[in-house]
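Listed here are the chains, written in short residue letters.
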Amino acid sequence: MDTIQAACAQLAGHQDRYVQKLSEVIEQADRQRDIEYGKLQARLSKATSEIKTLRSELKRTRRQVEDLNAEVAAQTARTVELLHEQYSPKSETVKAKRRQGAMRADDQRAESDPALSRRLKSYAVVPPPRPRNRNGRGAKNWDDLERVVVPMEFPETCPCGCGGTIRNYDIDEKREVVPAKYYIAVRKYPRYRCRKEDVTVGTLYKPTLMPGSTSGTSMLAYLVTMRYGWGMPLYRIENMLNHSGITYYRSTMYKQIRRLGIQLKHVMAELERHTLDDALRIFFDETVLKIQRPGEGKTANSYMYAAHRDDSPFGGNAPRSTVYFHRASRSMAHIHGILGGKSLIVQHDGYAGYGRLGQMGADVANIVSVECWVHARRKFIKAANNMNSSLPNGFVEIMSQLFEVESILQGKTPDARLAYRRERSEEVVQRLHSRLQEASAGTLQRDELGKAINYTLERWESLTQFLNDGRIDLDTNPVERQFKPIILQRKGSLFIGSEEGGQTWAAMSSLVETCKLNRVDTYRYFSWMIDDLAEMRTNNLDEDIDYSRYLPWNAPEHCKVKLRPVK
């Protein structure tokens, strides 16, 4: 370009006019070309920059797609896992036949060793043979039901006209029902004219636990039973009563149940003392509940904790009980607030909030922390579902042998359970530990199997506590079963309206579920307790009343359920 401009400058000094004009045209064309070239350079630079930007955006989009695909895969796997937990059979083992084969091999070993066989038979539980049912679903169990003779119109003599009289009757019995009958109880308390003092003298009202309430004892017991015993939301009870011609707002129901819960706080304190202070071992767990945050216009998570006492697995005869605690969060502070100062064994699911149980210097230093084998086994089952390897199934099968041993120890004394475990379970635990350590060296830490192995090895000391104490069980299933009514009620309620509502829910559920555990009818129990406690408070101070007499298992005989539990 510079060469062309220099040549044009030389031609401009030429004597020929035509050459001078030609040089000017060439010079202008060259300058125009330079201008166009500069524009093309700028456009090319801009296009190059846009291409780089698009390429970076494409990479970022691809990464986002990959992340979303990974998230979708994880959510799909989680959905499959939840469906498995909800709809799969109760047994979490992969193949029960292999587990049974392992137990048969142990039985053959016992047969070859007469001394071992005698020891095993001393621990074996042989249930009595049940008589075979030859009458359909079984006995009717109608003995406690009232028989109402329904009038029937038949001729007094034989229909053929022979004059024969009635000889006997064919009896046909059918179950019938009279729906709940609602009524207003009118009690007239006389007012006397006293001639001696020339005044009007009234009579004392029947003692009541809630003066001024528009609902009597039977209605309060009915509300508690329907709401917390059978999981029926208050709005549904309101609709049922509305169909029966009664206007009874659910806000009024809640206020009356809350007042009743406050009146029963001393009974709840006795139940808590029995469950936590007097117990040797409890199960502990929690579940989430939605709660409305005042002034925020939205809900947040709160938690319902449960402490469950059941001494029957190790031969204890103390009544079974469950106490619920409603708290605002799942923090360690709430767990320590419930268990602080207690001295007992606590079996839990291994959540991090239980991490300081039993540590020196904490207010829960006297607690023995025991974790759950079912939660550990569940990790391997998840790994088995996501891997083609048979290694996770092998760990599940070894763990299943521990559960098979436990199945014959129900109801035995702690010493007997401990001796049998050391004879049968200790070898299985050692074998499992060796295989876990071998597999840990050759397994990626981030895959499902690696996570399952790390989870189990990190909790090994807590998981193997059952080899040192015969009172410990392998799992926390008993307390998890106690959350079924809570979850059922949670499905029928959008949220808890307030902290007081959560406390009322916890208190009433504690009494109701303890009634169920001890085969006590909830309605009859609350009807008796409300009236009896009102009468007791009329003649005694609170500190003089023995509130332990109102615990469900101390209820009168007419409150007990006589039939066997429904399976």
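Residues numbered from 1 in each chain as written. Predicted model: local features only at pLDDT ≥ 70, side-chain atom pairs only at ≥ 80, totals over all residues. Heavy atoms only, no water.

Focus on the pairing of strand β5 (residues 321-327)
Here's step 1: With 6 of its 7 residues buried, β5 lies for the most part within the structure.
Here's step 2: The pairing of strand β4 (residues 298-309) with β5 spans 7 bridges and is antiparallel. Looking at the pairing, Tyr305 lines up with Phe325 of β5. (Buried < 20%, exposed > 50% of the residue type's maximum accessible area, 1.4 Å probe, protein only. Helix = DSSP H or I, 4+ residues; strand = E, 2+ residues; numbered from the N terminus. Pairing = 2+ DSSP bridges.)

Some thoughts on the pattern of salt bridges
Here's step 1: Under the counting rule described, the total for this entry stands at 20 salt bridges.
Here's step 2: Linked by salt bridges that have partners in common, Glu270, Arg273 and Asp278 make up one network. (Salt bridge = Lys/Arg side-chain N within 4 Å of Asp/Glu carboxyl O.)

Some remarks on the packing of helix α10 (residues 373-386) against helix α11 (residues 391-406)
Here's step 1: α11 packs onto α10 with a crossing angle of 155° between their chain directions and a minimal axis gap of 8 Å. Considered as vectors, α10 and α11 are oriented roughly antiparallel to each other. Remark: the crossing between α10 and α11 carries left-handed chirality. On α11, the residues that touch Trp373, Val374, Arg377, Phe380, Ile381, Ala383 and Ala384 of α10 are Pro392, Asn393, Phe395, Val396, Met399, Leu402 and Phe403.
Here's step 2: The class makeup of the residues in the contact of α10 with α11 is 12 nonpolar, 1 polar and 1 charged. (Axes fitted to C-alpha atoms, helices over the stretch in contact; angles between N-to-C directions. Parallel < 35°, antiparallel > 145°, perpendicular 65-115°, else oblique. Left-handed = near helix turned anticlockwise from the far one by under 90°. Contact = heavy atoms within 4.5 Å. Nonpolar A, V, L, I, M, F, W, Y, C, P; charged D, E, K, R; others polar.)

Observations concerning the nonpolar core
Here's step 1: Within the largest apolar cluster, 73 residues are counted, with the highest numbers of intra-cluster contacts made by Leu264, Leu339, Tyr525 and Phe526.
Here's step 2: Among the elements that take part in this core, helix α5 (residues 217-229) stands out by supplying 8 residues, more than any other.
Here's step 3: When neighbours within four sequence positions are excluded, Tyr525 is seen to be in contact with Val267, Leu511, Cys515, Val520, Tyr550, Leu551, Pro552, Ala555 and Cys559.
Here's step 4: Judged by nonpolar contacts, the second largest core, of 30 residues, contains Ile381, Leu402, Val429 and Leu463. (Core = buried A, V, L, I, M, F, W, Y, C linked by side-chain atoms within 4.5 Å.)

Concerning the confidence of the model for the protein chain
Here's step 1: Counting all residues, the mean pLDDT for the protein chain is 86, and 86% of those residues have values of 70 or more.
Here's step 2: Across residues 93-100, where pLDDT falls below 50, the model places 15 contacts with residues more than four positions away in sequence or in other chains. (pLDDT = per-residue confidence, 0-100.)

Considering the pairing of strand β3 (residues 281-293)
Here's step 1: Burial within β3 is extensive, with 10 of its 13 residues counted as buried.
Here's step 2: Where β3 meets strand β6 (residues 345-347), 3 bridges bridge the pair, whose relative direction is parallel. Residue pairing across strands places Ile282 opposite Val346, the latter belonging to β6.
Here's step 3: For β3 and β4, the ladder comprises 11 bridges, and the chain directions are antiparallel. Paired with Arg293 across the strands is Lys298, a residue of β4.
Here's step 4: Linkage of β3 to β4, two consecutive antiparallel strands, is achieved through a turn of 4 residues, within which Gly295 is found at a positive phi near 80°.

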